[in-house]
Amino acid sequence: MQASKGRCVTVILLTTLLLMGMLYVYFGPPLRKEVVISNHEFHLVSPDHQRWDERIKKLWDYNHLRYPQPSIVKGRTDVVTLTPWLAPVVWEGTFNPDLLDSIYQQQDISVAATVFAVGKYIMFLKNFLETAEEYFFVGFKVHIYVFTDRPDEVPQVKMAPGRQLTVLPVPSSNRWQEISARRMELIQKLIEERLQGHGKYIFCLDVDSKFHGRWGTESLGGLVAVIHPGYYWDPRSNFPYERRPQSRAYVAEEEGDFYYCGGAFGGSLEEVLLLAKTCRSNFEADAKEGIEAAWQEESHLNRYMWINKPSKVLSPEYLWQDFKSRNSEIHIIRFSGVVKNYAEIRPNA
Ligand code: UDP
Ligand code: MN
């Protein structure tokens, strides 16, 4: 009696195990994924998991990316690559573009760019947009905002998937100083009203310029400034800062780090919003007292960057000038101002 009871329990146990095994075999496989690796490419054998497949592939690429061994004893020695507050100064040869891109591809980043094309400056837009398509954050989400008083004259430029352009109408102006001055206000409003969210960066660029080389993820940072190509060999006392103490853009003789460009700056939305707000309110407060800084918002930007140090500094590779011959430390020109006839294109020269 006792023995047959024991046998009965064993049979029930074995049957349950067998049933569980069958259930696992039957329902198990669709939940598992098989990884097939061949020629550095791999696919998940599961037709309905393409997004998952892409995410894993990105991680795979990142972890298995082959690139030259980094060194802390070899590298560029002809230029300074860190500021005294330890912000990187980006020069060709100091970064690995593929590595940086693969890092940022893990994050869902997008980059906005603002460009003003008021009055005759619309003529520069085509070249700007076409070369941006070729060199500016290729492979990433890019949204270009064009501020213009001539929306009908905005050229049609074919853009790659993930890239788009929005035209925002602005009033015309008879003074270029005013166009320049309003840029900060419009950038502030654009960020406040249209561009909120994480993983977003913005660059504010002059339209009378074009791209000649990569400008990408190496330029990303909280607050990003570009060194002006005209003054970086000079003593700070020669910098064209605003020198009247009455102005809110004032920088004293013995102050200032670098002379930065007004034609290119950027960073995270939060940082650029703060910058735009501050420069705008200082500019407007100056105007009320009848003061216009030497180089309008460029002067205010320079004052701002002196007080609030940029977290990344871009070398003059990021805004050269076409009329200047290339200095030997400039291994690549990425973006540069075109030669223009001020008398011809500005409403008041
Ligand atoms: N700008 C404009 N229309 C004008 C004057 C200036 O759209 O009539 C914009 C344009 O984006 C230009 C920027 O303001 O790139 C700065 O002016 P500009 O390039 O003339 O200054 P520079 O680089 O010569 O100091
Ligand atoms: Mn310019």
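For clarity, every value in this text was computed on a predicted model and none was experimentally measured.

Undergrad: Would you explain the sheet that holds strand β13 (residues 335-337) in this entry?
TA: Picture the strands of a sheet paired through backbone hydrogen bonds; they go either parallel or antiparallel. A sheet is described by the order of its strands in space; here 3 strands give the open sequence β8-β13-β12, paired in mixed fashion. The open sheet has two free edges, formed respectively by β8 (209-211) and β12 (320-321), since each of these has just one partner strand. The strands that helix α4 (residues 125-135) touches are β8 and β13; relative to β8, the one it contacts most, it runs at about 25 degrees.

Undergrad: So what exactly am I meant to see when it comes to the site of ligand 1 here?
TA: Around ligand 1, the structure places 14 residues, and the nearest of them are Phe116, Val118, Tyr121, Lys340 and Tyr342. Here an oxygen atom of ligand 1 sits 2.7 Å away from a polar atom, N or O, in the main chain of valine 118. Taking arginine 346, its side chain carries an N or O atom lying 2.9 Å from an oxygen atom of ligand 1. Judged by the fraction of its atoms near the pocket grid, ligand 1 is located in the largest pocket. Ranked by residues supplied to the shell around ligand 1, first place goes to helix α5 (residues 176-193) with 3 residues. For the shell around ligand 1, a count of residues per class yields 9 nonpolar, no polar and 5 charged.

Undergrad: Mind showing me how you'd approach the side chain of histidine 300 here?
TA: Looking at the element boundaries, histidine 300 is found in helix α7 (residues 296-307). The contact partners of histidine 300, leaving out residues within four places of it in the chain, are Arg248, Ala249, Cys279, Asn282, Phe283, Asp286 and Ala293.

Undergrad: In this structure, what is going on with unusual backbone geometry? I would like to understand it.
TA: Peptide bonds are, in most cases, trans, and in most cases residues other than glycine have a negative phi. Non-glycine residue leucine 86 carries a positive phi angle of around 65 degrees. One can find leucine 86 in the loop between α2 (50-64) and β3 (89-90). Positive phi is not limited to glycine here, since glutamine 296 has a value of about 45 degrees. Here glutamine 296 lies in helix α7.

The rules we used
- Residues numbered from 1 in each chain as written.
- Chains lettered and ligands numbered in written order.
- Predicted model: local features only at pLDDT ≥ 70, side-chain atom pairs only at ≥ 80, totals over all residues.
- Heavy atoms only, no water.
- Pairing = 2+ DSSP bridges.
- Helix = DSSP H or I, 4+ residues; strand = E, 2+ residues; numbered from the N terminus.
- Contact = heavy atoms within 4.5 Å.
- Axes fitted to C-alpha atoms, helices over the stretch in contact; angles between N-to-C directions.
- Near = heavy atom within 4 Å.
- Polar contact = N/O pair within 3.5 Å; in protein donor to acceptor, adjacent residues only side chain to side chain.
- 1 Å grid on protein atoms, 1.4 Å probe; cavity = no way out; pocket = protein on both sides within 12 Å on 5 of 7 lines; lining within 4 Å.
- Sits in = over half its atoms within 2 Å of the grid points.
- Nonpolar A, V, L, I, M, F, W, Y, C, P; charged D, E, K, R; others polar.

Keep in mind these values describe shape, not function.
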